[in-house]
Amino acid sequence: MDNKKVVTIVYGCQMSERDAETLTQITRDFGYSPSDDLESADLVIVNTCCVRESAENKILGKIGELKKLKERNPKVKIAISGCMVQQPGALERLQKRAPHVDIWEGTHNINDFSALLQRVEQGEKVAEVWQEPNATIEVASLAEKGKLQASVNVMYGCDNFCSYCIVPYVRGRERSRKPQEILQEIELLVNSGCREVTLLGQNVNSYGKEFSPAYDFADLLHQVNQIAFLLRVRFITSHPKDLSDKLIETVAEGDKLCEHFHLPIQSGSNFILERMNRKYTREYYLRRIEQIRKLIPDASLSTDIIVGFPGESEEDFEQTLAMMNQAHYSQAFTFMYSKRSGTLASKMENQIPLDVKKRRLQKLMSVQNQESLEYRQNMIGKTVEVLAEGPSKTNPERLTGRTRGNELVVFNGNLDIIGSLVNVRINEAGSWTLIGEIE
Ligand code: SAM
Ligand code: SF4
């Protein structure tokens, strides 16, 4: 039967979104087309996250809702994939809780989804969680063609074992894709209309550390910058401990390389940074920022911060707040520490009570909101380069796009400029967006 509908629901980071895109693409070979309507869906895929308990609770709620959907429509197939399923011992627990699910799949076999879907289409229920990644299967992953913006994996996994983080346990050890594969994938995307790529890795700064002869992330960026008709290149995430001068210089020189660094600090206290196993101090971090600003005065910086890590005192927290006023982030993703079983921090003493974590998070967010507003207000009167992405959702008469620093801009313009770079003069700074006019 053709014309079947698949609804894909994603939780978590850009890697999770990228995996979900692969899953949706695979379903096309089985005659599915993407849809947002659960009631008429033939297949529902939920790609999961387990980085914090709050994400897991939301996903468990969604799996519960899907049980009711299956009662109304017993023909609908349900697939649950990704990080939550890959956690050691999770599959059995989840299967018991949700017998209505047809496909369970971990992170390492995402690209092998067609084999599972085939069996389910023949009436089976399947559960497969590989303990190790498979290099041949991994390279099969290609970003979806025909879109203006695409994310491309440059590496998988993580070797850093920050003491709070579950990622190394569910995504495996670090492994870099070969430069030729990445460059070829980007060229294919560009030929199909893509103009902006975001290169993805848990720590792109350690890309290629296993390569001989030496070839690092700066070398890759340098080559990506030369791809014809590509307009912009972004990358995430940069671990501060591995941010080299060479990388900063490469970004400074490459005309397509956006001057935006997502540089998670996690905490402003050296005591907490050490307990987190982040392997840098606040002084080192500040020196890295100084170097970025020296070579690229207009660079924007964003960050991730965790409050309420075990043992975090009021003084430690004050140091994090002080960091916000020193670093002047354009944006910060702020989280309450969440205990993840199997990680080192989950066994640490002095876990912080929820009410204290909530209070600290509120305070941190209000300091950052002010910083973000000031960052945007400083842009009023300036002319900035924007990639026109499409009609604004809130005001379809106008267009939206992003600055090189990743700020959202709403501006006037015709649909025919979508996909090109335009110069926009910023007139207003709202809470989350900039408003401007094409020059
Ligand atoms: N590899 C990236 C990095 O090092 O920044 C991103 C990894 S993680 C998906 C994104 C963010 O989630 C982290 O930077 C951290 O701030 C946050 N995070 C990870 N584990 C957490 C935990 N147990 N509790 C609260 N936040 C957590
Ligand atoms: Fe998690 Fe740290 Fe690896 Fe980022 S670098 S994925 S926070 S362990």
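What counts as what
- Every chain is numbered independently, its residues counted from 1 as its sequence is written.
- Chain letters start at A and ligand numbers start at 1, both assigned in the order the entries are written.
- Where totals are concerned, whole chains, interfaces and linings use all residues; where local detail is concerned, this predicted model gives features only for residues with pLDDT of at least 70, and gives and counts side-chain atom pairs only at 80 or more.
- To obtain the side-chain values, all non-hydrogen atoms of the structure were included, while hydrogens and water were left out.
- Strands are runs of DSSP state E lasting at least two residues, helices are runs of H or I lasting at least four, and both sets are numbered from the N terminus onward.
- Here the globule rule is a power law, 2.2 Å times the number of residues to the power 0.38, and the radius of gyration is based on C-alpha atoms.
- Burial classes: relative accessible area under 20% of the type maximum marks a residue as buried, over 50% as exposed, and values in between as partly exposed (1.4 Å probe, protein chains only).
- Pairs of residues are marked as contacts when any of their non-hydrogen atoms sit within 4.5 Å.
- Here the accessible surface of atoms and residues is derived via Shrake-Rupley with a 1.4 Å probe, and residues count as covered only by protein chains that are part of the display.
- Whether a residue is near a molecule or strand depends on its heavy atoms: it is near if one of them lies within 4 Å of it.
- Under this definition, polar contacts are N or O atom pairs within 3.5 Å; protein pairs additionally need one hydrogen-donor-capable and one acceptor-capable atom, and for neighbouring residues in sequence, both atoms have to be side-chain atoms.
- When residues are grouped by polarity, Ala, Val, Leu, Ile, Met, Phe, Trp, Tyr, Cys and Pro land in nonpolar, Asp, Glu, Lys and Arg in charged, and all others, Gly among them, in polar.
- Put simply, buried Ala, Val, Leu, Ile, Met, Phe, Trp, Tyr and Cys residues joined by side-chain atoms within 4.5 Å make one nonpolar core.
- Any two strands with at least two DSSP-identified bridges between them are counted as paired.
- Interaxial angle, 0 to 180 degrees, is taken between N-to-C directions of lines fitted to C-alpha atoms, where a helix line uses only the stretch in contact.
- The span one expects for a helix is its residue count, reduced by one, times 1.5 Å.
- For classification, angles of less than 35 degrees are called roughly parallel, those exceeding 145 degrees roughly antiparallel, those between 65 and 115 degrees roughly perpendicular, and all remaining angles oblique.
- We call a crossing left-handed when the near helix sits turned anticlockwise from the far one by less than a right angle, and right-handed when that turn is clockwise.

Chemist: I keep staring at the overall build of the protein chain and nothing clicks. Help me out?
Modeler: Of the regular secondary structure elements, the protein chain holds 14 helices and 19 strands. Its C-alpha atoms give the protein chain a radius of gyration of 22 Å, near enough to 22 Å, the size a compact globule of 439 residues would have. Principal-axis analysis of the C-alpha atoms places the extent of the protein chain at approximately 60 × 60 × 50 Å. Out of the 439 residues in the protein chain, the part that is buried amounts to 54%. Summarising the internal contacts of the protein chain: among those between residues at least 6 apart in sequence, 73% fall at separations of at least 24. If you sum the accessible surface of the protein chain, you get close to 19,900 Å²; carbon and sulfur atoms cover 50% of it.

Chemist: Looking at this structure, how should I read the site of ligand 1?
Modeler: Neighbouring ligand 1 are 15 residues; R52, Q202, Q266, D304 and S338 lie closest to it. R52 places a polar side-chain atom, nitrogen or oxygen, 3.0 Å from an oxygen atom of ligand 1. The backbone of S338 places a nitrogen or oxygen atom 2.8 Å from a nitrogen atom of ligand 1. Calculation on ligand 1 without its partners gives an accessible area of 560 Å², and the protein chains cover 91% of this total. Counting residues per element, the ones that place at least two in the shell around ligand 1 are strand 13 (300–307) and strand 14 (331–336). When grouped by side-chain class, the residues that make up the shell around ligand 1 number seven nonpolar, four polar and four charged.

Chemist: Can you help me understand the nonpolar core in this one?
Modeler: Counting 53 residues, the largest nonpolar core has V154, I186, V197, L199, F217, L221 and V224 as the members making the most contacts within it. Beyond its immediate stretch of four places on either side in the chain, L221 contacts L199, V233, F235, L247, T250, V251 and L257. Residues Y11, L66, M84 and A90 belong to the second largest nonpolar core, which totals 27 residues.

Chemist: Sorry, what's going on with the sheet that holds strand 15 (residues 383–391) here?
Modeler: To summarise the sheet geometry, strands pair through backbone hydrogen bonds and adopt either a parallel or an antiparallel arrangement. The strand order around the closed barrel built from five strands is 15-16-17-19-18, with neighbouring strands paired in mixed fashion. Geometrically, the sheet is characterised by an average inter-axis angle of 50° between neighbouring strands, direction not taken into account.

Chemist: Mind showing me how you'd approach the side chain of Q266 here?
Modeler: Counting through the fold element by element, Q266 comes out in the loop between strand 12 (260–262) and helix 11 (270–275). Here Y164 takes part through its side chain, which lies 3.3 Å from a polar atom of the side chain of Q266.

Chemist: What is the right way to read helix 14 (residues 354–377) from this model?
Modeler: Each turn of an α-helix holds 3.6 residues, which means side chains three or four residues apart point in the same direction. Counted at 1.5 Å a residue, the expected span for helix 14 with its 24 residues is 34 Å, and the 34 Å between its end C-alpha atoms agrees. Considered for burial, the residues of helix 14 that qualify are V356, K357, R360, L361, L364, V367, Q368, E371, S372, Y375 and R376. Buried residues belonging to helix 14 abut strand 13, helix 13 (314–327), strand 14, strand 18 (421–429) and strand 19 (434–438).

Chemist: Would you explain the sheet that holds strand 2 (residues 32–34) in this entry?
Modeler: With parallel pairing, the six strands of this open sheet are ordered in space as 2-1-3-4-5-6. A single partner strand is all that each edge strand has here, and the edge strands are strand 2 and strand 6 (126–128). Across the sheet, the mean angle separating the axes of adjacent strands is 20° when strand polarity is ignored. Of the strands in this sheet, strand 1 (4–10), strand 2, strand 3 (43–48), strand 4 (77–82) and strand 5 (103–105) are in contact with helix 1 (residues 14–28), which crosses strand 3 at around 155°.

Chemist: Looking at this model, I keep getting lost on the site of ligand 2. Mind explaining?
Modeler: Around ligand 2, a shell composed of C158, N160, F161, C162, Y164, C165, V167, P168, Q202, H239 and R278 is seen. A per-class count over the shell around ligand 2 returns seven nonpolar, three polar and one charged.

Chemist: How should I be thinking about helix 2 (residues 53–72) in this particular structure?
Modeler: The terminal C-alpha atoms of helix 2 lie 29 Å apart, and with 20 residues this matches the ideal 28 Å at 1.5 Å per residue to within 8%. Residues of helix 2 that are buried sit in contact with strand 1, strand 3, strand 4 and helix 3 (83–86).

Chemist: For this particular structure, what's the right way to read the packing of helix 1 against helix 5 (residues 113–121)?
Modeler: Two numbers describe a pair of packed helices, the interaxial angle and the distance between the axes. At a minimum axis separation of 10 Å, helix 1 and helix 5 run at an interaxial angle of 50°. By the angle between their axes, helix 1 is oblique relative to helix 5. Judged by the sense of rotation from one axis to the other, the crossing of helix 1 with helix 5 is right-handed. The segment helix 1 lies against helix 5, with L23, I26 and T27 engaging F113, S114 and L117. A breakdown of the residues in the contact of helix 1 with helix 5 according to their chemical character gives four nonpolar, two polar and no charged.

Chemist: I keep staring at the side chain of T107 and nothing clicks. Help me out?
Modeler: If you trace the backbone, T107 turns up in the loop between strand 5 and helix 5. When sequence neighbours within four positions are dropped, the list of residues in contact with T107 reads G82, C83, Q86, V170 and R171.

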